[in-house]
Amino acid sequence: MLIRLSLANLWARKRRLVGLSLAVLLGTAFLSGALVLADTMSSSIGGLIRDSGAGTDVVVRNATAVTDRPGSQRGGIDAALVDRVRAVPGVAAAEPVIQGYGQVVGKDGKALTGNGPRTAGNWVPDPALTPYRLATGRAPAKSDEVVIDRATAKQGHLVPGDRVTVLTPGPVPVTIVGVATFGDEDAFGGGSYTAFDLEGARRYVQRDPGKVGTIAVRAAAGTDQKELAGRIQRALPADTQALPGKAATGEAVDAVEDGFLKVFRTFLTVFAAIALVVAAFSINHTFSVVAAQRTREVALMRALGASRGQVLRQALIEALLIGVVASAAGLAAGLGLAAGLKELFATIGFTLPARGLVFKAATALTVLPVGILVTAFAALVPALRGSRVAPVTALRGAGAEQARLPRRRLVAGLALLAAGLGMGIVGGGMVGLAVAAPAVLAGVLLVAPAGIRAAGGPLTALLPRLRGAPGALARGNLLRSPRRTAGAATAMLLGITIVTVFAVFAASLKEGSGAETRKVVAGQLVIGGSSPAGWAGGGHSPELTRRTAQIPGVETVSGLRNATSLVDGQSRQMLAVDSARLDRLFNLDVTGGRVTALGPAGMAVSKSAAKDRGWVLGSTTEVTFPDGARQRFTVTGLYDRTAIVGDYLIDRTAWESHADAALDAATVLRLAPGVATGTVKAEVQRIAKDYGAPPVRDREGFVAARAEMLQTLVAVVYVLLALALLIALGGIANTLSLAAHERTRELGLLRAIGAARAQVRSALRWESTLVAVIGAAAGLVVGLFLGWVAIRAIGGANTGAALPFAIPSVQLAVLVVVGAVGGLVAGARPAARAARLPVLRSISAE
Amino acid sequence: MTTNIDPTVPDAARAVRVSRVHGEGDTTVRALDDVTIGFPRGRFTAVMGPSGSGKSTLLHCLAGLDAVTDGAVYLGDTELGSLSDRQLTRLRRDRIGFVFQAFNLLPTMTALENIVLPASLAGRRSDPAWLDRVVAAVGLEQRLQHRPGELSGGQQQRVAVARALVGRPEIVMADEPTGNLDSRAGAEVLALLRDAVDELGQTVLMVTHDPVAAGYADGVVFLADGRIADYMEAPTPDRVLDRMKAFDRVAAGAGARGE
Ligand SMILES: Nc1ncnc2c1ncn2[C@@H]1O[C@H](COP(=O)(O)OP(=O)(O)O)[C@@H](O)[C@H]1O
Ligand SMILES: [Mg+2]
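Residues numbered from 1 in each chain as written. Chains lettered and ligands numbered in written order. Predicted model: local features only at pLDDT ≥ 70, side-chain atom pairs only at ≥ 80, totals over all residues. Heavy atoms only, no water.

- As named in an unreviewed UniProt entry, chain B is ABC transporter ATP-binding protein, taken from Embleya hyalina.

- As recorded in an unreviewed UniProt entry, chain A goes by the name ABC transporter substrate-binding protein, listed as coming from Embleya hyalina.
- Chain A has a UniProt comment under Sequence similarities (unreviewed entry) that states "Belongs to the ABC-4 integral membrane protein family."
- Entered under Subcellular location (unreviewed entry) in the UniProt record, the comment concerning chain A runs "Cell membrane". (UniProt positions renumbered as here; feature names shortened; annotations may be inferred.)

Set out below in C-alpha cells:
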C-alpha cells in the first residue's frame with residue numbers, strides 16, 4: 001500500500017521526479033564511466049600484449065631483470081644460442097628477436113615523436129612469431145631497408161620508396177620498403193616500430209654482432225609449451241632463461257596491470273569518489289527542497305492519521321525507487337561518458353590505448369549499490385525532518401520552511417571551523433591536514449546559512465540598484481531561506497574547493513620544481529630532456545653529445561643516461577654521466593666527499609637515499625647491470641639536490657659496457673666564461689639537425705619546458721575536476737527549476753502585474769548566478785587555506801626543500817568566472833521555462 | 001443582452017461581442033457567450049453571478065490576461081487583441097491595477113517594495129506625495145517595512161489595494177478581493193475601494209459573489225452561464241440577494257429539467 005502510494009506520489013510530481021533522478025544520475029554516471037574506462041584500457045592493453053605474443057610458445061631471454069616496468073628491456077643474450085635452441089627436439093622454429101630504441105625522423109628533419117616507446121628491431125619472417133603484418137611493400141632484404149608501422153607512416157606521410165633517417169640513436173639513413181600493422185591496429189598503443197633486417201638490427205640496434213635480444217620459439221605440433229621450455233632451459237647457460245609463451249605474456253600483462261593501469265585506475269576512482277561526494281550533496285539538497293515543498297502534503301497525511309513511521313517509510317521508499325532507476329540510468333550514461341572522456345583525453349594529447357568499450361558486471365555491481373546507498377543516505381535526513389512535520393501545519397498553512405536557524409548548528413559550526421583553522425595553522429603536517437580539511441569543510445557548511453543571512457544582505461545590497469526589479473527579486477529569493485541557498489551552493493563550494501586545492505598544488509609543484517631545476521643546473525645549455533616521451537624512453541645519440549663538446553667556447557659537457565639497475569637487489573634508477581667535471585654542470589650541494597671523477601667504481605648518492613640505506617662515505621654496494629654482470633661500487637660523494645639528477649650517479653664508463661642502448665636522455669653544456677650563449681646555441685642546433693633536431697634550450701627555456709611536461713597531466717586532472725563542477729552546476733540548475741516550479745504562483749503574479757518575460761528570466765538567472773558565485777567564492781577561500789596547509793604538510797613530510805606556496809591567480813580567476821558563468825548557464829533553462837509560463841494558469845496554480 | 005451602463009460617460013474598459021471557449025471537442029465550455037458591456041470611468045462596478053458563470057474569465061479578458069475566442073476588448077481606445085505579449089505586459093503594468101483573492105504579494109519583499117513593484121518593474125520611481133497619500137489612505141504607515149508573512153490577511157489585501165492604486169491606473173480590477181477575509185477586514189478593503197472612486201476618481205471593476213460586497217458598488221452586472229443576465233443601479237445587499245435567489249431558482253429548475 002505504501003509502495004503504491006509512493007509510486008503514485010512520484011508519478012504525480014513528475015517535475016520533482018526528474019529533478020531527483022537527475023541529481024543521482026549525474027553522480028553515478030561518472031563512477032560508471034570511470035570504471036568502464038579503466039576496464040576498457042585494461043582489456044585493450046592486455047589484448048594487445050596477448051596478440052603480440054600469441055604465436056610464441058617459448059621465449060628465451062636474459063635471466064636478469066633490472067626493472068619490471070612494462071616495455072623496459074633486459075640485457076642481450078649470446079647470438080650463438082639461436083642455433084642451440086633450434087637443435088632442441090620439439091622446436092619447429094626459433095628466431096632471434098632484437099628490440100631497442102629507434103626513432104624515425106620525418107622528411108622535415110624533425111623526429112616523429114608520440115606518446116609511447118619508439119622501438120626498432122629486426123623483421124621476423126615467421127608470422128607466428130611476430131604480431132606485425134605487412135600492409136604494403138615487402139620485408140627488408142638489406143641492412144639499410146626498413147619496414148615501419150602504419151601509424152608512423154601516416155604521421156610522417158611516408159610510403160615505400162621514401163628515404164628517411166632512423167635514430168638508433170645514431171642517425172642511420174634507410175629506405176622504407178614496407179608498412180606494417182600490429183595485428184589490425186596501426187601501431188602498438190601510442191608507440192612506433194621500425195624493423196631492419198636481422199643484419200641491420202644487429203648492427204644499428206643491438207650494436208653487438210655477437211648478441212641478440214631474445215629468441216622466439218615456435219613449438220612443433222603437439223608439443224607442450226612448458227615441457228618444451230624445460231627442455232630448452234637445459235640446453236642454455238645459467239644466465240639465460242626459457243619461459244613458456246603464456247607465462248611471458250602473463251608477466252607482461254601483470255606488469256602493466258600493476259604499474260600504469262593501477263595508477264590510472266586509482267586516479268579515476270579518486271575522481272569518481274570526488275564526483276560522487278559532490279553529487280551526494282547535490283542529491284541531499286534536492287531531497288531537502290522537495291521535502292520542504294511537501295511539508296503541507298505530509299501534514300495533511302498526518303492529519304488524516306498517517307503515522308510518523310509511515311510518512312518516513314514512504315519517503316524512503318520513494319528515495320530507493322529513485323536510487324534504483326536513476327543509478328541504472330547513470331550506469332548506462334557512464335558508457336557514453338567513457339567514450340566521451342576517451343575522445344576528450346585524446347584531444348588534449350593523452351591518447352589512451354583503448355579499443356571499443358568494455359562493460360563488466362563488476363561495474364554494475366559497484367555502481368548500482370553505491371548509487372542506491374548514496375541516494376538513500378542523502379534522502380535520510382530530509383525524510384526524517386519531513387516526518388517530524390506537525391499535523392497542524394496543514395491547517396495553519398504555515399510557510400514551508402522554518403526561517404529560524406537553530407543556534408546549536410551555528411555554535412557547533414563555529415567550533416569546528418575554529419578547530420579546523422587552528423589545526424591547519426598550528427598543527428601542520430599530514431595529521432594537521434587530515435583534521436583541518438574535514439573540520440573546516442563541515443564548519444563552513446554548518447555556518448553557511450547564518451553567514452548568508454548576516455552577510456548576504458549587505459553584499460547584495462547594490463544589486464537592486466544596479467539591476468532594478470529583477471535584481472531585487474533575485475536578492476529576495478536568495479535571502480528568503482538562507483539554509484536553502486547555502487544548500488544549493490554546497491556542491492559548488494565543494495567542487496571549487498577541490499579544484500582550488502589542486503590548482504594551488506599544481507602551481508606550487510611547478511614553481512618548486514622550476515626553482516629546483518634552476519638551482520641544480522649549472523650549465524647554460526641543455527639538449528633534450530623535456531620531451532613528453534620522458535616516460536617513453538626518448539633521447540638522442542651520445543654522438544651528438546660528443547660533437548657538441550668540440551664546439552669552441554664549450555668548457556665541459558655531459559650526457560645524462562638512464563642506467564636503471566639493481567642496487568643491492570632492488571630496482572633503482574641510476575644516471576650515468578661524464579663525471580670528470582660534474583661540479584661545473586650541476587650545483588649538487590655536495591655535503592660530503594666528491595661527486596667528480598667517479599671512475600669505474602665510484603658512486604655519488606643523495607643524502608636522503610644514503611640515509612635510507614644507512615650508507616656513509618666509503619660504504620660499498622653491489623650493482624647488478626641489465627646484462628647480468630655484478631659489480632661493487634663505493635660511495636664517494638653525498639649530495640643534497642636531487643632535481644633532474646635523482647639519487648644515484650655513476651660514471652658513463654662504468655655503465656657503457658653493460659648497456660645495449662646508448663641513449664642520452666639529455667645533455668648539459670657548460671660554456672667558458674665570456675662566451676655568448678646564443679652563438680653556441682645556434683651551433684649546437686645546427687649539429688643537432690643531424691640527430692632528429694632534439695630541442696636545444698638555455699637554462700630558463702629548459703625550466704619552462706620541464707614545467708610544460710606537467711601540463712598534460714594537469715590538463716587531464718582539470719578535465720576530471722571539471723566534471724565535478726558540472727555536477728555541482730547541474731545541481732544548481734536542478735534546484736532552481738524546482739524552486740521556480742514551487743514559485744509558479746509568484747511568477748504568475750509578477751507577470752500579471754506587469755513584469756516582462758525578460759525581467760522574470762533575468763531575476764532567476766541572477767539568482768542562480770549568485771548561488772554559484774557564493775559557492776565559488778567560499779570554495780576559493782576554503783581551497784586556498786587547505787591548499788596552503790597541504791603544501792606545508794608535503795614540504796614537512798619530505799625532508800627535502802619545502803614547497804613554495806604558489807597561488808595560480810590566473811587559473812583561480814578563470815575558475816571563479818567559470819563558476820559564475822556556469823551559474824548563469826545553469827539558470828538559463830529554468831529561467832527561460834519560468835518566463836514562458838502562461839500567466840493565467842500560473843496565478844491559479846495550487 | 002447588451003448593456004450600456006451609462007452612455008454619457010466614456011468607458012474605461014469595454015467588451016464587444018466577446019466569447020471565450022475553453023477546451024476542444026466534447027468538453028468545450030463556453031465561459032463567455034457573446035458578451036458586450038462597457039465600464040464607465042470613475043465608477044465602481046461589481047460583477048456578480050454564481051460560481052462558474054464566467055466572472056473571472058470576463059475580468060481576465062478585460063485585463064489582457066486571457067485571449068478572447070471571439071469579439072474585441074478595449075482598454076480606453078486600445079484594442080487588446082492586436083497587442084503583442086510585450087505590449088500587453090506593459091499595459092498591465094502601466095494602465096491596470098490588480099487585486100486578486102489571495103497570494104497577492106511577493107513573500108520576499110516588504111510591503112513598501114510590493115507597493116512600488118510595478119513602478120520598479122518599469123524602472124520608474126513612484127510619485128512620493130501620491131505614494132504617501134495612498135499609503136495613508138490604506139492605513140499602512142506603520143507596516144511598510146514588514147514582509148507579507150508578518151501581516152494579517154486584511155493588511156495584505158490593503159497592501160495589494162495600495163499597489164493597485166499607486167500607479168494611478170485607468171482601471172483597478174479586483175477578483176473577489178474579500179473572498180479570503182473575515183467580514184470586518186473585508187469591509188475595510190471595500191471601503192478603501194469605494195474611497196478610491198469617490199476621492200481619487202478611480203475606476204474600479206470588482207468580481208464578487210458576496211451581496212454585501214456588491215452593495216459598495218455604484219452598479220452591479222449579473223452574469224449567468226457566460227451571458228449578461230441583468231444590471232442593477234445603486235445596489236443594496238438585500239436587493240442583490242433577492243436577485244441572486246432568483247438565479248438559484250432558475251438554476252435549480254434547470255437542474256430539475258435534467259440540463
Ligand atoms: N482553463 C480552463 N479550461 C477549461 N475550462 C475553464 C478554464 N477556465 C475556466 N473554465 C470554465 O469556464 C467557466 C467560467 O469560469 P470562471 O470565469 O472561473 O467562473 P467564475 O469566476 O464565475 O466562478 C467555468 O465553467 C469554468 O469551469
Ligand atoms: Mg472566479
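Now, onward.
1. Quick look at the overall build of chain B
Now for step 1: Helix and strand counts for chain B stand at 9 helices and 11 strands.
Now for step 2: Its C-alpha atoms give chain B a radius of gyration of 18 Å, within 12% of the compact-globule value 18 Å for 259 residues.
Now for step 3: Taking the principal axes of its C-alpha atoms as reference, chain B extends roughly 55 × 40 × 40 Å.
Now for step 4: Going through the 259 residues of chain B one by one, you find that 52% of them count as buried.
Now for step 5: Accessible area for chain B stands at about 11700 Å²; split by element, carbon and sulfur atoms hold 48% of it.
Now for step 6: Taking the average place of the 28 positive charges on the side chains of chain B and the average place of its 34 negative ones, the gap between the two points comes to 3 Å. (Helix = DSSP H or I, 4+ residues; strand = E, 2+ residues; numbered from the N terminus. Rg over C-alpha atoms; globule rule 2.2 N^0.38 Å. Buried < 20%, exposed > 50% of the residue type's maximum accessible area, 1.4 Å probe, protein only. Areas by Shrake-Rupley, 256 points an atom, 1.4 Å probe, with all protein chains shown as cover. Lys, Arg positive; Asp, Glu negative; His and termini not counted. Charge placed at Lys NZ, Arg CZ, Asp CG, Glu CD.)

2. Description of the overall build of chain A
Now for step 1: Counting secondary structure elements, chain A contains 25 helices and 26 strands.
Now for step 2: In terms of overall dimensions, chain A has a C-alpha envelope of 100 × 70 × 50 Å along the principal axes.
Now for step 3: Within the span of chain A, comprising 846 residues, buried residues form 51% of the whole.
Now for step 4: The long-range share in chain A, meaning contacts at least 24 apart out of those at least 6 apart in sequence, stands at 81%.
Now for step 5: Working note: accessible area of chain A is about 35200 Å², and carbon and sulfur atoms make up 61% of it.
Now for step 6: Once the 88 positive and 56 negative side-chain charges of chain A are each reduced to a mean point, those two points are 17 Å apart. (Contact = heavy atoms within 4.5 Å.)

3. Describing the sheet that holds strand E7 (residues 96-99) of chain B
Residue and element names in this part refer to chain B.
Now for step 1: Spatial strand order, E7-E8-E9-E4-E10-E11: 6 strands in an open sheet with mixed pairing. Two strands in the sheet have a free side with no partner beyond their single neighbour: E7 and strand E11 (227-233). Averaged over all pairs of adjacent strands, the angle between their axes in this sheet comes to 20°, without regard to strand direction.
Now for step 2: Pairing of strand E8 (residues 171-175) with strand E9 (residues 204-207) involves 4 bridges; the strand directions are parallel. Each bridged residue has a counterpart across the sheet, and for valine 172 the counterpart in E9 is valine 204.
Now for step 3: On the sheet, helix H1 (residues 55-62) packs against strand E4 (44-48), E8, E9 and strand E10 (219-224) and is oriented at approximately 150° with respect to E8. (Pairing = 2+ DSSP bridges. Axes fitted to C-alpha atoms, helices over the stretch in contact; angles between N-to-C directions.)

4. Topic: the sheet that holds strand E1 (residues 58-62) of chain A
All names here are of chain A.
Now for step 1: Pairing is antiparallel in the open sheet, where 4 strands are placed in the order E3-E13-E1-E14. At either end of the open sheet lies a strand with only one pairing partner, and these are strand E3 (91-97) and strand E14 (240-244). Ignoring which end each strand starts from, the neighbouring axes of this sheet average 20° apart.
Now for step 2: Contacts from helix H7 (residues 245-293) reach E1 and E14 within the one sheet, and its direction differs from that of E14 by about 95°.

5. A word on the packing of helix H9 (residues 308-347) of chain A against helix H10 (residues 361-387) of chain A
Residue and element names in this part refer to chain A.
Now for step 1: For the pair H9 and H10, the least separation of the axes is 8 Å and the interaxial angle reads 150°. Regarding the angle of H9 to H10, the classification is roughly antiparallel. The two elements H9 and H10 meet at a crossing, and its hand is right-handed.
Now for step 2: Partitioning the contact of H9 with H10 into residue classes produces 18 nonpolar, 6 polar and 1 charged. (Parallel < 35°, antiparallel > 145°, perpendicular 65-115°, else oblique. Left-handed = near helix turned anticlockwise from the far one by under 90°. Nonpolar A, V, L, I, M, F, W, Y, C, P; charged D, E, K, R; others polar.)

6. Digging into the site of ligand 1
All names here are of chain B.
Now for step 1: Residues in close proximity to ligand 1 include His22, Val29, Ala31, Pro50, Ser51, Gly52, Ser53, Gly54, Lys55, Ser56 and Thr57, which together make up its full environment.
Now for step 2: With respect to ligand 1, the side chain of histidine 22 contributes an N or O atom lying 3.3 Å from a nitrogen atom.
Now for step 3: Measuring from an oxygen atom of ligand 1, one finds a backbone N or O atom of glycine 52 at 2.7 Å.
Now for step 4: For ligand 1, the protein covers 58% of the area, taking 550 Å² as the surface of the free molecule.
Now for step 5: Elements that contribute at least two residues to the shell around ligand 1 include exactly strand E3 (29-40) and H1.
Now for step 6: In terms of residues, the shell around ligand 1 owes the most to one element, H1, which gives 3 residues.
Now for step 7: Counted by class, the shell around ligand 1 contains 3 nonpolar, 7 polar and 1 charged residues. (Near = heavy atom within 4 Å. Polar contact = N/O pair within 3.5 Å; in protein donor to acceptor, adjacent residues only side chain to side chain.)

7. Overview of the interface of chain A and chain B
Now for step 1: Residue-level contacts link 21 residues of chain A with 21 residues of chain B.
Now for step 2: Roughly 1900 Å² is buried in total at the junction of chain A and chain B, and carbon and sulfur atoms are behind 68% of that figure.
Now for step 3: On the chain A side of the contact with chain B, Leu749, Ile753 and Leu840 of chain A bury the most area, a combined 32% of that side's loss.
Now for step 4: At the boundary of chain A with chain B, the tally comes to 2 salt bridges.
Now for step 5: Across the salt bridge formed by aspartate 85 of chain B and arginine 751 of chain A, the nearest N and O atoms sit 3.3 Å from each other.
Now for step 6: For the pair chain A and chain B, the interface holds 6 residue pairs in polar contact (both at pLDDT 80 or more). (Buried area = accessible area lost by both parts, 1.4 Å probe. Salt bridge = Lys/Arg side-chain N within 4 Å of Asp/Glu carboxyl O.)

8. What to know about unusual backbone geometry
Residue and element names in this part refer to chain A.
Now for step 1: Of note, the bond from threonine 168 into proline 169 is cis; its omega dihedral lies within 30 degrees of zero at -5°.
Now for step 2: By the secondary structure assignment, proline 169 is in the loop between strand E9 (163-167) and strand E10 (171-182).
Now for step 3: Residue alanine 597 is not a glycine yet carries a positive backbone phi of 45°.
Now for step 4: Alanine 597 sits in the partly exposed class, given a relative accessible area of 46%.
Now for step 5: In this structure, isoleucine 644 is a non-glycine residue whose phi angle is positive, near 65°.
Now for step 6: Structurally, the position occupied by isoleucine 644 is in the loop between strand E23 (630-639) and strand E24 (648-651).

9. Comments concerning helix H15 (residues 482-520) of chain A
Residue and element names in this part refer to chain A.
Now for step 1: For H15, spanning 39 residues, the distance from its first C-alpha to its last is 54 Å, which sits close to the expected 57 Å at 1.5 Å a residue.
Now for step 2: The sharpest bend along H15 measures roughly 40° and falls at alanine 489.
Now for step 3: Within H15, 28 of the 39 residues are buried, leaving the element largely enclosed by the surrounding structure. (Expected span 1.5 Å × (residues − 1). Bend = angle between axes of the 7 residues up to and from the residue.)

10. What about the environment of asparagine 587 of chain A?
Residues and elements named next belong to chain A.
Now for step 1: For asparagine 587, the position within the fold is in the loop between helix H17 (582-585) and strand E20 (590-593).
Now for step 2: Look at asparagine 587 and you get partly exposed, because its relative accessible area is 37%.
Now for step 3: For the pair asparagine 587 and glycine 523, spaced 64 residues apart in sequence, the C-alpha separation works out to 9.3 Å.
Now for step 4: With sequence-adjacent residues up to four places away left out, asparagine 587 is seen in contact with Lys519, Val520, Ala522 and Arg641.

11. What to know about the packing of helix H5 (residues 128-138) of chain B against helix H7 (residues 183-200) of chain B
Residue and element names in this part refer to chain B.
Now for step 1: Following both chains from N to C, one finds H5 and H7 inclined at 140°, their axes separated by 10 Å at the closest point. As the angle between them shows, H5 and H7 are arranged oblique. Regarding H5 and H7, the two cross each other, and that crossing is right-handed. Residues Trp130, Arg133, Ala137 and Val138 of H5 form the contact with H7, whose own contacting residues are Leu192, Glu199 and Leu200.
Now for step 2: Residues that form the contact of H5 with H7 fall into these classes: 5 nonpolar, no polar and 2 charged.

12. Focus on the packing of aromatic side chains
Now for step 1: Enumeration according to the criterion identifies 9 aromatic pairs over all chains in this entry.
Now for step 2: Ring centres of phenylalanine 196 of chain A and tyrosine 204 of chain A lie 5.5 Å apart, and the angle between their planes is 45°; this geometry places the pair in the tilted category.
Now for step 3: Here the aromatic residues Tyr132, Phe182 and Tyr193 of chain A are joined through ring pairs into a cluster of three or more.
Now for step 4: Stacked on the ring of tyrosine 74 of chain B, the Lys or Arg arginine 14 of chain B has its end atom at 4.5 Å from the ring centre.
Now for step 5: For the cation-ring pair, arginine 243 of chain B lies above phenylalanine 222 of chain B, with the distance from its terminal atom to the ring centre recorded as 5.8 Å. (Phe/Tyr/Trp six-rings, centres within 6.5 Å; stacked < 30°, edge-to-face > 60°. Lys NZ or Arg CZ within 6 Å of the ring centre and 35° of its normal.)

13. With respect to the domain arrangement of chain A
Now for step 1: Taken domain by domain, chain A comprises domain 1 (1-58 + 246-397), domain 2 (59-245), domain 3 (452-522 + 700-845) and domain 4 (523-699).
Now for step 2: Distance from the C-alpha centre of domain 2 of chain A to the C-alpha centre of domain 3 of chain A: 53 Å. (Domains from an automatic or database assignment.)

14. Here we look at the pattern of salt bridges
Residue and element names in this part refer to chain B.
Now for step 1: Throughout the structure, instances matching the rule amount to 39 salt bridges over all chains.
Now for step 2: The salt bridge involving arginine 20 is made with aspartate 66; its shortest N-O contact spans 3.1 Å. One end of the pair, arginine 20, is in strand E2 (residues 11-22); the other, aspartate 66, is in the loop between H1 and strand E5 (70-75), and 46 residues separate them in sequence. Pair check on accessibility: arginine 20 and aspartate 66 agree, each one buried.

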